[in-house]
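Structure at a glance
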Amino acid sequence: MPRIARRTFLAGLGGASLTACTSSSGGSQSPTPDGFEASGTPSPTPVPPVTVNAANGPVLVPGEPQRVVVLDTDVLDSALTLGITPVGAALPAGDTRFPDYWPASRTAEIRQVGPAGAPDLDAVRALRPDLVLSNQARDGDRYEQLRAIAPTVLTQTTGAPWKADFQLHAQALSRVEAAAAFVAAYQKHAGQVAQALSAAKLSGHRVSLVRFVEGGGIRLFGRQSFPGTVLADAAVGRPDAQNVDQSDFEIPLDQIAKADGDLLLYATYGDPAKAGTTATLASPGWQALGAVKAVRAFPVDDQLWFQGIGYTGANFMLDELQRFLGA
């Protein structure tokens, strides 16, 4: 399925899941004193609160929360995938816009509440949320402040455990059934991509993942990372240096040979000059890489490949991976 068609399909499916999950909540009409809507239909039964066993302990959250604030990119993907548009979101400090793998219509109404890891608590409070979603790595040190604003559900971290985290997000958002549908669709998609790569005799190709990070140098990504798990789901190989059980690690420029692969995908977080992208791509070491000489090194969207961290992001990555490998 072409990327634009898949975007439309996923956005529509998200909307459909929202409609299905909220149909029991009724419309915007106000109930009359006798307990009936103005149209004469019975008032909806309130959805009872749910206790979620989060990384920060059991949290009682409202059933079908309506005003959700998300404080990292993984919970942004989870909420939007499940058909919920957050009222507020924190983005990484180096980003000024929402990921464009989401249609602008899905993000236009979301209020930015400061950088991830240092949100503006007054801005969060002003949005009157009934649920806050984040993780301990980002917001564990301000959990008490957040829970004073609204019930706050934290996962332990983000990245590699994104599938388990999604299930927790779905519980907190009262979208468990919709989540199961998205999981099944992704698994089917990953299997189709793996089958296509195998049929094209491309499964053995080693895919390298490189990220240039302003203030963080040159980073290679292993199996225990979000993009690493997506590549594993598509049954593709990894270069020896990256075929490790860790998320990512920094290398100096004189070790850039570890970035080589049959296919090299790279992204930049922040300014390319300050992140070292510009200098590295012009260096003799980079130019000597087999993937570069074979014109098999491609830039990818950092907000998708390294920050998407969710089922919608992963579906787009599978599409791009198949296209880059030529299957």
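Before reading on, note that the structure itself is shown above.
Heads up: these notes are all about the structure in this document.

**Overview of the sheet that holds strand 5 (residues 111-115)**
Strand order across the open sheet formed by five strands is 5-4-3-6-7, with parallel pairing between neighbours. Two strands bound the open sheet, and with one partner strand each, they are strand 5 and strand 7 (152-155). Mean inter-strand twist for the sheet, computed between neighbouring axes without regard to direction, equals 20°. Summarising the sheet, strand 6 (residues 131-135) and strand 7 pair through four bridges and their orientation is parallel. Of the residues in strand 7, the one forming a bridge with Ser 134 is Leu 154. Packing against the sheet, helix 7 (residues 162-172) makes contact with strand 6 and strand 7, and its axis sits at approximately 170° to strand 7.

**What about the layout of surface pockets?**
Volume-wise, the largest pocket comes out at about 560 Å³. Looking at the largest pocket, it is lined by 27 residues, and the ones nearest its centre are Arg 138, Thr 158, Arg 211, Phe 306 and Ile 309. Put simply, the parts of the chain that give the lining of the largest pocket at least two residues each are helix 5 (136-139), strand 8 (207-213), strand 9 (217-221) and helix 9 (226-233). Grouping the constituent residues of the lining of the largest pocket by class yields 13 nonpolar, nine polar and five charged.

**Here's the deal with empty space enclosed by the protein**
The full count for this structure, using the stated rule, is one cavity of 30 Å³ or more. Of the pockets and cavities examined, the largest cavity occupies roughly 40 Å³. Lining the largest cavity, in full, are Asp 74, Ser 78, Trp 162, Asp 165, Phe 166, His 169, Ile 309, Gly 310 and Tyr 311. For the lining of the largest cavity, the element with the highest residue contribution is helix 7, accounting for four residues. Of the residues assigned to the lining of the largest cavity, the class counts are four nonpolar, three polar and two charged.

**Quick word on the environment of Tyr 269**
Within the secondary structure, Tyr 269 sits in strand 11 (residues 263-269). Take Tyr 269: its relative accessible area is 16%, and that puts it in the buried class. Through-space distance from the C-alpha of Tyr 269 to that of Asp 301 is 9.3 Å; in sequence the pair is 32 residues apart. Here Tyr 269 is in contact with Pro 92, Ala 93, Gly 94, Asp 95, Arg 211, Phe 212, Val 213, Glu 214, Ala 275, Asp 302 and Gln 307, once residues within four sequence places are set aside. A polar atom in the side chain of Tyr 269 sits 3.3 Å from the backbone nitrogen of Ala 93.

**Digging into helix 2 (residues 73-81)**
With nine of nine residues buried, helix 2 is to be regarded as a mostly interior element. Every buried residue of helix 2 is listed here: Thr 73, Asp 74, Val 75, Leu 76, Asp 77, Ser 78, Ala 79, Leu 80 and Thr 81. In the stretch just after helix 2, Gly 83 is the one whose phi turns positive, near 85°.

**Digging into the side chain of Asn 135**
Within the secondary structure, Asn 135 sits in strand 6. Here Asn 135 falls in the buried class, since its relative accessible area comes to 0%. A polar side-chain atom of Asn 135 sits 3.2 Å from the main-chain amide nitrogen of Ala 137. Engagement of the side chain of Asn 135 in a polar contact is seen with the backbone nitrogen of Arg 138, the distance being 2.8 Å.

Here is what the cut-offs are and how they apply
- Every chain is numbered independently, its residues counted from 1 as its sequence is written.
- In keeping with the model being predicted, local features are shown solely for residues with a pLDDT of at least 70 and side-chain atom pairs are shown and tallied solely at 80 or more, while totals for entire chains, interfaces and linings include all residues.
- Computation of side-chain values covers all heavy atoms of the structure but excludes hydrogens and water.
- For two strands to count as paired, DSSP must find a minimum of two bridges between them.
- Think of it this way: any DSSP run of H or I at least four residues long counts as a helix, any run of E at least two long counts as a strand, and we number them from the N terminus.
- Orientation is described by axes fitted as lines to C-alpha atoms, over the contacting stretch for helices, and by angles from 0 to 180 degrees between their N-to-C directions.
- Note on definitions: a residue-residue contact is assigned when non-hydrogen atoms from the two residues lie within 4.5 Å.
- Method remark: on a 1 Å grid restricted to protein atoms, a set of points is classed as a cavity if a 1.4 Å probe fits but cannot get out and as a pocket if it is open with protein on both sides within 12 Å along at least five of seven lines; lining residues have an atom within 4 Å of a point.
- Grid points are joined across faces, edges and corners, and a volume is the space filled by probe spheres set on the points.
- The nonpolar class holds Ala, Val, Leu, Ile, Met, Phe, Trp, Tyr, Cys and Pro. Asp, Glu, Lys and Arg form the charged class, and all remaining residues, Gly among them, are polar.
- Burial classes: relative accessible area under 20% of the type maximum marks a residue as buried, over 50% as exposed, and values in between as partly exposed (1.4 Å probe, protein chains only).
- Polar contact is the term for a pair of N or O atoms within 3.5 Å; when the atoms are in protein, one must be able to donate a hydrogen and the other to accept it, and sequence-neighboring residues count only if both atoms are side-chain atoms.

Without other data, these values stay purely geometric and don't point to any function.
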